[in-house]
Amino acid sequence: MTPEEILAEVAKEVSVCTRCPLHFSRKHAVPGEGPARAEIMFIGEGPGFHENEQGRPFVGAAGKYLDELLAGIGMKRSDVFITNIVKCRPPGNRDPEPAEIETCSQFLNRQIQAINPKVIVTLGRLSMARYLPNAKISAVHGRAVQVNNWLVVPMYHPAAALHQPALKATIAEDFARLPELIARSTPASDDHDQPPAENQPPKQLSLF
Ligand code: URA
């Protein structure tokens, strides 16, 4: 299957998924969107109110700010793939439960394998924890880390910067490093059929 076909298949499965309790309260599942061959993938936490209404990721205030951050580095939303660690809105915007994240991870794993991005940007503490379970975001934000096959850059969640304006300069500086990281990175492999390396402890860590 091509990456496009895999993403379409995942989106179809997500739209009718009943594997965890989040499906009870969703209006629309939010599989994620963007080009199947994007060089950069953003992983947020979970859909909020507006995302649940529209079935699209990052379309509320945090999404508008994400668009501004992308524009600041000369990129458009249509250049990148944007998704979340859980594809359905946690009621009341609570944090997703570990079991919900785990159940949903098979969709995210397949998306990452299909896209094979040069850089994965995690937005917020919970998506960072997928790769760096013991890290503190205040210590590692903006630093690229090789985790198994992927070059991962943890960043503050855009919503955090909206709530704490002091973080705005920090998140903009972290974004400003992305073009160089993309230029320096080569995808781990062109073999889209390789078995998922997700959910394994980091094999090698190199910060730069
Ligand atoms: N916050 C997220 O983490 N994801 C979205 O899609 C929207 C807001």
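Details of the structure are given in the entry above.
Just so it is clear, the model here is predicted, and its values are computed rather than measured.

K.L.:
An account of the packing of aromatic side chains is requested, with residue identities and associated values reported.
P.N.:
Aromatic rings considered in pairs are described by the distance between their centres and by the relative angle of their planes. Per the stated rule, a full pass over the model turns up 1 aromatic pair. Taking 5.7 Å as the distance between ring centres and 15° as the angle between the ring planes, the aromatic pair formed by Phe42 and Phe175 counts as stacked. Linking Phe42 in strand 1 (residues 40-44) with Phe175 in helix 9 (residues 167-176), this pair joins segments that are 133 residues apart in sequence. Owing to a relative accessible area of 0%, Phe175 belongs among the buried residues under this scheme. The aromatic ring of Tyr65 is capped on one face by Lys168, whose charged end is 5.0 Å from the ring centroid.

K.L.:
Explain the side chain of Ser127 residue by residue, including any values.
P.N.:
Looking at the secondary structure, you find Ser127 in helix 6 (residues 125-131). On the accessibility criterion, Ser127 (0% relative accessible area) is buried. Setting aside chain neighbours within four positions, we find Ser127 in contact with Ile43, Gly44, Glu45, Ile85 and Thr122.

Here is what the cut-offs are and how they apply
- Residues numbered from 1 in each chain as written.
- Predicted model: local features only at pLDDT ≥ 70, side-chain atom pairs only at ≥ 80, totals over all residues.
- Heavy atoms only, no water.
- Phe/Tyr/Trp six-rings, centres within 6.5 Å; stacked < 30°, edge-to-face > 60°.
- Helix = DSSP H or I, 4+ residues; strand = E, 2+ residues; numbered from the N terminus.
- Buried < 20%, exposed > 50% of the residue type's maximum accessible area, 1.4 Å probe, protein only.
- Lys NZ or Arg CZ within 6 Å of the ring centre and 35° of its normal.
- Contact = heavy atoms within 4.5 Å.

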